[in-house]
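Each chain, written out:
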Amino acid sequence: MANGQWYPPEWPDRIRALADGSLTPVVPKRASTVMLLRDGADGPSVHMLRRRASMAFAGGAYAYPGGGVDPRDDDRGIRWAGPTRAWWAERLGVDAATAQAVVCAAVRETFEEAGVLLAGPTPDTVTGDTTGADWEADRAALAAHELSFAEFLERRGLVLRSDLLGAWTRWITPEFEPRRYDTWFFVAALPAGQRTRNTSTEADRTVWVPPARAASGYDRGELLMMPPTIATLRQLVPYATAADALAAAAGRDLTPVIARARLVDGDVVLTWPGHDEFTLFVPPGPAVPEGSS
């Protein structure tokens, strides 16, 4: 343990290898994740899933629906509504093709992993219940990469509603990690008439939980989360409604958050700029294996 936080046993060696130049960082893959919110009597709750313990990346951790960009997510023929690709490019700080791919991945992954679809028949409507057998067949085909999202929308006569998303933050996996992701986090409200379900093969549990309660579970050591997840949960706590959070997204800083490691008297000091609670002091010698105390 370091500062009460578990860290993977391979981190010290990989961090030192990065510092001495013997480790070449892996290029991060583009990814999107969505903090799906719904209002309740006590304020908004966020939809979270628990990744199966067998997963190679963040096994056992609570997270939001999301995943990597599909190469076909930048298909020029995708049916689109809401702010333009150029607007999203400026907002996300990328080119138009990448902006479309990142937004498309957010909508597609939310449907694949939660059964919620941010799309509608027209630019100002949203589809209703998506739990029927025919919807499930299309969702499964998307997840299996047998169907592109552009083909799915065309088949259904739907347009992607980019205006239902708010870009919240961007985190990039540290350079010493063997699996790296450049992930944009979005917020969205659960559309009326739709409901979530556990459709992800990567999750063994899903919950709706108020951000403050989930953060308290993390603080008590009951819920495992990666730094971006707990950081964004804490950021959601002040908002009284899903609409408030979505409105606040417009002013959010999307400067990428990435951990930095440095050596201080032989110890590795790992910091996430702007997030002091995650600072780790990793001493020389083997790390503590997961589950040890």
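The final tally for this structure, using the stated rule, is 9 aromatic pairs. When the ring of Trp-87 is compared with that of Trp-88, the centres are 5.0 Å apart and the planes differ by 85°; the resulting orientation is edge-to-face. According to the relative accessible area criterion, Trp-87 is partly exposed, its value standing at 42%. Its relative accessible area of 1% is what places Trp-88 among the buried residues. Among the aromatic residues, ring-to-ring pairing joins Phe-111, Trp-135, Phe-149 and Phe-152 into one connected group. Here Arg-156 stacks its cationic end above the ring of Trp-135, 3.7 Å away from the centre of that ring.

Moving on to the packing of helix 6 (residues 211–219) against helix 7 (residues 227–236). Contact pair helix 6 / helix 7: the axes reach a minimum separation of 8 Å and the direction vectors enclose 140°. Considered as vectors, helix 6 and helix 7 are oriented oblique to each other. Classified by chirality, the crossing of helix 7 by helix 6 is left-handed. Together, Pro-211, Ala-214, Ala-215, Tyr-218 and Asp-219 of helix 6 and Ile-230, Leu-233, Arg-234 and Leu-236 of helix 7 make up the contact between the two elements. Residue classes in the contact of helix 6 with helix 7 are distributed as 7 nonpolar, no polar and 2 charged.

Take the sheet that holds strand 14 (residues 280–282) next. The 3 strands are arranged 12-13-14 in an open sheet whose pairing can be described as antiparallel. A single partner strand is all that each edge strand has here, and the edge strands are strand 12 (260–264) and strand 14. Averaged over neighbouring strand pairs, the angle between their axes works out to 25° when direction is ignored. Direction of pairing for strand 12 relative to strand 13 (residues 267–271): antiparallel, over a ladder of 5 bridges.

Next up on the list: the nonpolar core. Of all hydrophobic cores here, the largest spans 38 residues; its most connected members are Leu-92, Phe-149, Leu-165 and Phe-186. Mapped by element, the contributors of at least two residues to this core are strand 1 (29–40), helix 2 (85–92), helix 3 (96–114), helix 4 (133–143), helix 5 (149–156) and strand 9 (181–189). Here this core gets 8 residues from one element, more than from any other, and that element is helix 3.

Within strand 8 (residues 166–172), 7 of the 7 residues are buried, which leaves the element mostly enclosed by the surrounding structure. Summarising the sheet, strand 8 and strand 9 pair through 6 bridges and their orientation is antiparallel. Pairing of Ala-167 across the sheet is with Phe-186, part of strand 9. Inspection of the sheet shows strand 8 paired to strand 11 (residues 257–258) by 2 bridges, in the parallel sense. Each bridged residue has a counterpart across the sheet, and for Trp-171 the counterpart in strand 11 is Val-257.

Side chains of Asp-74, Asp-75, Asp-95 and Glu-151 sit close together on the surface and give a patch of like negative charge. Along the chain, the position of Asp-75 falls in the loop between strand 4 (66–68) and strand 5 (80–81).

Here is what the cut-offs are and how they apply
Along each chain, residues carry numbers from 1 onward, in the same order as the chain's sequence is written. The predicted nature of this model means local features are confined to residues of pLDDT at least 70 and side-chain atom pairs, given and counted, to a pLDDT of 80 or more, with totals for whole chains, interfaces and linings taken over all residues. Values shown for side chains rest on all heavy atoms present in the structure; no hydrogens or waters enter the calculation. Only rings of Phe, Tyr and Trp enter the pairing, Trp through its six-membered ring, and a pair is recorded when the two centres are within 6.5 Å. The plane angle decides the type: under 30 degrees is stacked, over 60 is edge-to-face, the rest tilted. Only protein chains enter the accessibility calculation, which uses a 1.4 Å probe. A residue is then buried if its area is under 20% of the maximum for its type, exposed if over 50%, and partly exposed in between. Remark: a charge is flagged as sitting over a ring if the NZ atom of Lys or the CZ atom of Arg is within 6 Å of the ring centre and within 35 degrees of the ring normal. Working convention: axes come from line fits to C-alpha atoms, limited for helices to the stretch in contact. Angles between N-to-C directions cover 0 to 180 degrees. Only DSSP runs of H or I reaching four residues or more are called helices, and only runs of E reaching two or more are called strands; each is numbered from the N terminus. Our angle categories are set so that under 35 degrees counts as roughly parallel, over 145 as roughly antiparallel, 65 to 115 as roughly perpendicular, and the remainder as oblique. For any pair of crossing helices, the crossing counts as left-handed if the nearer helix is rotated counterclockwise from the farther one by less than a right angle, and right-handed if it is rotated clockwise. Any two residues having at least one pair of non-hydrogen atoms within 4.5 Å are treated as being in contact. Basically, the charged four are Asp, Glu, Lys and Arg, the nonpolar ten are Ala, Val, Leu, Ile, Met, Phe, Trp, Tyr, Cys and Pro, and anything else, Gly included, counts as polar. DSSP-based pairing: two strands are paired if at least 2 bridges between them are found. We define the nonpolar core as a collection of buried residues of types Ala, Val, Leu, Ile, Met, Phe, Trp, Tyr and Cys that are connected through side-chain atoms lying within 4.5 Å of one another. Patch construction takes residues with relative accessible area above 30% that form no salt bridge. Like charges are linked within 9 Å, and nonpolar side chains (Val, Leu, Ile, Met, Phe, Trp, Tyr) are linked within 5 Å. All accessible-area figures derive from a Shrake-Rupley calculation using a 1.4 Å probe, and residue coverage is judged against the displayed protein chains alone. Just to be clear on terms, a salt bridge is a Lys or Arg side-chain nitrogen sitting within 4 Å of an Asp or Glu carboxyl oxygen. Positive charge is attributed to Lys and Arg, negative charge to Asp and Glu, and no charge count is given to His or to the chain ends. In this description, the location of a charge corresponds to atom NZ of lysine, CZ of arginine, CG of aspartate or CD of glutamate.

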